[in-house]
Amino acid sequence: MTRLGMVIDLKKCTGCYACSIACKAANNTPPGVTWARVLKKETGEDAPGERVTLPVLRMHCAIRPA
Ligand code: SF4
């Protein structure tokens, strides 16, 4: 089965959760179950309150027949 891969520029990730919502909708997961997560962490390394986001995706997406 053909699988899809995604490359995400983490410098452009805004933490909007659209990928998480799209995955949940596409896979019809039950309430409370989220396969694609977006982690957020305050770092403050370069500026106070600076935050990094990290989308954690399963990369199991398959091409579905039309
Ligand atoms: S949270 Fe997901 S959809 Fe939103 S910018 Fe980051 S990777 Fe893209």
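See the structure above.
Quick caveat, the model's predicted, so the values are computed rather than measured. (Residues numbered from 1 in each chain as written. Predicted model: local features only at pLDDT ≥ 70, side-chain atom pairs only at ≥ 80, totals over all residues.)

A. Highlighting the site of the ligand. With respect to spatial proximity, the complete set of residues near the ligand consists of I8, C13, T14, G15, C16, Y17, A18, C19, V38, T53 and P55. Of all the secondary structure elements, the ones that give two or more residues to the shell around the ligand are α1 (18-27) and β2 (51-56). For the shell around the ligand, a count of residues per class yields eight nonpolar, three polar and no charged. (Near = placed C-beta within 6 Å. Helix = DSSP H or I, 4+ residues; strand = E, 2+ residues; numbered from the N terminus. Nonpolar A, V, L, I, M, F, W, Y, C, P; charged D, E, K, R; others polar.)

B. Local environment of unusual backbone geometry. Phi angles above zero are rare outside glycine, and Y17 is one such case at about 70°. Here Y17 is to be found in the segment before α1. With a phi close to 50°, N28 is a non-glycine residue in the positive phi region. Structurally, N28 can be placed in the loop between α1 and β1 (37-42). The class for N28 is exposed, based on 7 C-beta atoms found within 10 Å. (Buried ≥ 20, exposed ≤ 12 C-beta atoms within 10 Å, placed from the backbone.)

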